[in-house]
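# Structural overview
One letter stands for each residue in the lines below.
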Amino acid sequence: MNEHRRQILQMLSEGKISADEAERLISAMEEPPATKSAEPDSTSAGKTRPKYLRVQVDSEDDGGHEGPTKVNVRVPMQLLRAGVKLAGLIPTPALNRANQAIHEKGIALDLTQIKAENLEELVEHLNDLAVDVDQKDAGNKVKVRVFCE
Amino acid sequence: MIPFIAVVSLRKRDSRTFRLWIPLLLIWLFLLPLGILLSPVIFIVSLACRVNPFRGVGLTWQVLSALTDTSIEVEHRCAGMSFHFL
């Protein structure tokens, strides 16, 4: 860094560049570290790693027969990580059978594609996950929220 | 750290909440010698299933450790139930 600055000052003293150009060069040289140092701060302050996956279900029964039902589930992300790793130990024939059973239920999910290698990426993307579902039918209002905190 | 206490709360219509503190530590202490006794069987079954037994035990420990802070709450007009691992 000091070497570059010295070279710029030398070019200035030799008259190869003007004072304005020297100033611009020095400021351009100082910019990248400043932006680099700002990036981790913004990510750490604005985007902290989520600790829990929350699932909230609010069901309001407008008919008044059943009454409202509330479900609140909090699962640590660490449990998700450990669970996916543990699922990696399931033998392939068992996974294939589970896949077949899932497909028969009409769910497009391939358990063989859930691998421990992709786990961190999955957890990182869960940070941005927020699912809100509002459903209203036959006097029954259901609200489902899935998010990370 | 694995959870040492599980708290189960049950509530029925028009009755007070029944809260049960389950000392998981005692269950772990009971399961530990059982696990040691069964370790040869676990080892053989793991090898038969082509699973690394040490990796299996390690991951089971990770799952148990990660259970801490897990909570499930279900509330209804007639009844309610909650489950917390501490």
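Note that this is a predicted model, so its numbers are computed, not measured. (Residues numbered from 1 in each chain as written. Chains lettered and ligands numbered in written order. Predicted model: local features only at pLDDT ≥ 70, side-chain atom pairs only at ≥ 80, totals over all residues.)

Per-residue confidence for chain A gives a mean pLDDT of 75, with 81% of residues at or over 70. pLDDT under 50 marks residues 33–45 of chain A. Its contacts with residues more than four places away, or in other chains, come to zero contacts. (pLDDT = per-residue confidence, 0-100. Contact = placed C-beta atoms within 7 Å.)

Moving on: the environment of Met81 of chain B. All names here are of chain B. Topologically, Met81 is positioned in strand S4 (residues 79–85). For Met81, a count of 14 C-beta atoms within 10 Å corresponds to the partly exposed category. For the pair Met81 and Val8, spaced 73 residues apart in the sequence, the C-alpha separation amounts to 7.3 Å. Once you skip the residues sitting within four places of it in the chain, Met81 turns out to touch Ser9, Leu10 and Val74. (Helix = DSSP H or I, 4+ residues; strand = E, 2+ residues; numbered from the N terminus. Buried ≥ 20, exposed ≤ 12 C-beta atoms within 10 Å, placed from the backbone.)

The next thing to look at is helix H1 (residues 24–48) of chain B. Residues and elements named next belong to chain B. Given a rise of 1.5 Å per residue, 25 residues ought to cover 36 Å, yet the end C-alpha atoms of H1 are separated by just 31 Å, more than 12% below that figure. Along H1, the largest kink reaches about 55° and is centred on Leu38; proline Pro40 follows within four residues of it. Burial analysis of H1 places just zero of its 25 residues in the buried class, which makes it a mostly uncovered element. Within two residues after H1, Arg50 carries a phi angle of roughly 60°, on the positive side. (Expected span 1.5 Å × (residues − 1). Bend = angle between axes of the 7 residues up to and from the residue.)

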